Amino acid sequence: MTATSSPTAIDTSWERFEALYRASRDDVYAYVATLLRDRAGAEDVTALAFERAYRRRRSFDRARGEERAWLFGIARNAALDELRRRRRHARLAVDPEDPLAADALASGEDLADEAARRAALRAALDQLAPRERELVALKFHAGLTNAEIARVLGVSESNAGTLLHRTMAKLRKACDA
Amino acid sequence: MHDDELITLLTAERPRPREAFAAELDARAAARFPPRPRPGSPRALRWSAWLRRPVIPAAVTALAIGLVALVIAVGGGGDARVGGSGGVPSVAGDTQAGGAVAVPERTMAEQAEPDAQSRALAPAAGDLAAAHAAPAAGGSGSPRKVERSASLELGADADRVDDVAQGVLGVVARYEGIVDSSSVQSRQDGGEAGFQLRIPADRLQPALAALSRLPDARVLSRTDDTRDVNQAYVSVRRALANARAERAGVVRALANADTEDETLRLRARLDRLELTIARAERAQRALDRRVDYSRVSVAIHGGAGGGVVPADDGAFGLGDAAHDALRVLEVAAGVVVIAAAALVPVAVLAALAWPLARALTRRRREQALDAA
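My aim in this report is to walk through the structure given alongside it, one point at a time. (Residues numbered from 1 in each chain as written. Chains lettered and ligands numbered in written order. Predicted model: local features only at pLDDT ≥ 70, side-chain atom pairs only at ≥ 80, totals over all residues. Heavy atoms only, no water.)

### Remarks on the interface of chain B and chain A
Heads up, the condition is: Two residues form a contact once any of their heavy atoms are found within 4.5 Å. Summed over both partners, the accessible area lost on bringing two parts together, with a 1.4 Å probe, is the buried area. Salt bridges, as used here, are contacts in which a Lys or Arg side-chain nitrogen is within 4 Å of a carboxyl oxygen on Asp or Glu. Two N or O atoms count as a polar contact when they lie within 3.5 Å, although within protein this holds only if one can serve as hydrogen donor and the other as acceptor, and sequence-adjacent residues are included solely when both atoms are side-chain atoms. Helix and strand definitions here come from DSSP, where helices need a minimum of 4 consecutive H or I residues and strands a minimum of 2 consecutive E residues; each element is numbered from the N-terminal end. Only Asp, Glu, Lys and Arg are considered charged in this grouping, and only Ala, Val, Leu, Ile, Met, Phe, Trp, Tyr, Cys and Pro are considered nonpolar; every other residue, Gly among them, is considered polar.
Taken together, the contact pairs 39 residues of chain B with 50 residues of chain A. Between chain B and chain A lies a buried interface of about 4,400 Å² when both sides are counted; carbon and sulfur atoms form 58% of it. Of all residues in chain B, E13, R365 and L369 of chain B bury the most surface against chain A, accounting for 15% of the area lost on that side. The interface formed by chain B and chain A includes 12 salt bridges. Taking the shortest distance from any N to any O, the salt bridge between R365 of chain B and D81 of chain A comes out at 2.8 Å. Inspection of the chain B/chain A interface yields 19 residue pairs in polar contact (both at pLDDT 80 or more). Looking at the side of chain B that touches chain A, the elements with two or more residues in it are helix 1 (3-12), helix 2 (19-30), helix 3 (42-52) and helix 11 (318-370) of chain B. When the residues that make up the side of chain B that touches chain A are grouped by side-chain class, the tally is 19 nonpolar, four polar and 16 charged.

### Let's talk about the environment of G155 of chain B
All names here are of chain B. The condition that has to hold: Buried residues are those whose accessible area, probed at 1.4 Å on protein chains only, stays under 20% of the maximum for their type, while exposed residues exceed 50% and partly exposed ones sit between those limits.
If you trace the backbone, G155 turns up in strand 1 (residues 146-156). The buried category is assigned to G155, whose relative accessible area is 0%. Sequence separation between G155 and E192 is 37 residues, and the spatial gap between their C-alpha atoms is 9.5 Å.

### Some details on unusual backbone geometry
Residue and element names in this part refer to chain B. With a phi close to 60 degrees, R32 is a non-glycine residue in the positive phi region. Here R32 lies in the loop between helix 2 and helix 3. The residue F33 is not glycine, and still its phi comes out positive at about 50 degrees. Turning to its location among the elements, F33 is positioned in the loop between helix 2 and helix 3.

### Quick notes on the side chain of E134 of chain A
Position of E134 of chain A relative to the elements: it lies in helix 6 (residues 130-141). The contact partners of E134 of chain A, leaving out residues within four places of it in the chain, are Y31, L35, R76 and L153 of chain A together with L369 of chain B.

### What to know about the sheet that holds strand 4 (residues 217-228) of chain B
Residue and element names in this part refer to chain B. Our working rule: The rule for pairing is simple: two strands pair if DSSP sees at least two bridges between them. Note on method: axes are straight lines fitted to C-alpha atoms, helices fitted across the in-contact stretch only, with angles between N-to-C directions ranging 0 to 180 degrees.
Spatially, five strands are ordered 2-3-5-1-4 in an open sheet, and the strand pairing comes out mixed. In this open sheet, the two strands that pair with only one neighbour each are strand 2 (178-187) and strand 4. Looking at each pair of strands side by side, their axes are set apart by 10 degrees on average, direction ignored. Sheet topology note: the strand 3 (residues 190-200)/strand 5 (residues 293-303) ladder contains 11 bridges and is antiparallel. When the sheet's bridge partners are listed, A193 is paired in strand 5 with I300. Its contacts with the sheet place helix 7 (residues 161-174) against strand 1, strand 2, strand 3, strand 4 and strand 5, and it is angled at close to 5 degrees to strand 3.

Quick look at the structure:
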């Protein structure tokens, strides 16, 4: 028997979902890690997000957006649920590690300069509001388009572009300060 | 800082998963994300917290128990209404003078066999006879005056209504009763017959027993009524005796009357007394008739409503099984209806609350992000 699918229904075959997983695994992790600012928590939430997406893959409606936007919506909800849980329970105070800090100490002036600029960027990111950091994560860590960001956040595409533009201007100003 | 440089730095800041985590997640993905116990996950925490609340499980349990009790009550009530699987009303007596006649509901075997059913009614005759023989409360030595009546519903096959009606008339003749009125309607699909009878009171019970044992008929219901009319009887007799004594006095006075006016007055009074005496005598005769002859109402139902159930050997057969299965299905359908009646409002409330709950959850998530 040959299965037929409607144009708006997701191809629920495992191969299709696996391709989405392969293409999005690191992006989802990067987005969640930026949102949570906790790598261990980000691993749990990333795994949970893919589990939920796999279970709900038949409920995906292509007419309401692309698969990546749908997947990141699930990841966002899982991450925000984790943030809520942390508010209710003991707050984890885990700072993101600085992968280049050790290199900067052991390398020359170029790397030290690079590390300084990245430190300034991190400081500027810390000054951003959580929603602005989320925009940065969706755009530059997860690599989503403005349309996908709009879908994830539940705003219009033009609104998403405007918010992103303002966030970048704020970030640039903080870096130059 | 230029935009390109900023973007380059932002991209370089992108968190990357550990290789061990990536490998572990890949393995889980290859296994198609099998469910894993997550005792610390938000959902597990929610459910465990829900179950830890003692009120909610207790309320759910109480609701379930109430539903089951309701179903049992409804099922039991249905059985009592139909009087068993035969669908025959119960046979019960009703007296007003202490001579209660009560025959327990008939069993399936009794319903299946008319003769057995008739024999089951026989003890009622003894009870009524005992009530009839009760001594008079007035201490006169004569038995109390008791008026008795009975109604009998008989069932018969569609083509046997006339025969049963003839049987009723035969019983009336045998016990020297009176047929006040009768009507017999014969139809192809059944028929009806009704009789208003008067049976000598001292032969009432044998007559009822004979009616209950008529061939081709079965008793659907029987009601015996007894009413104590002793007080009314005594009152009528006393009024009659007083009137007669007064009449004797007036007659004597009339014989000794000296004037025309007195004679006329006494004659007028004598006429009124005669009327009173005649009225009291009529009332006494009517009471005598009511006491001496018991009214019996007999109704015969022919066809599907009163057909004779063929006797069986009492064994549980295919028909019994089908009947019981149908009954089980009826009860099950009743349970479904009750459950639906209980669940529909809950579902409506849930449907109304669902968007609200989603909006609340969304709001809490956004608040969590703002507070991060």
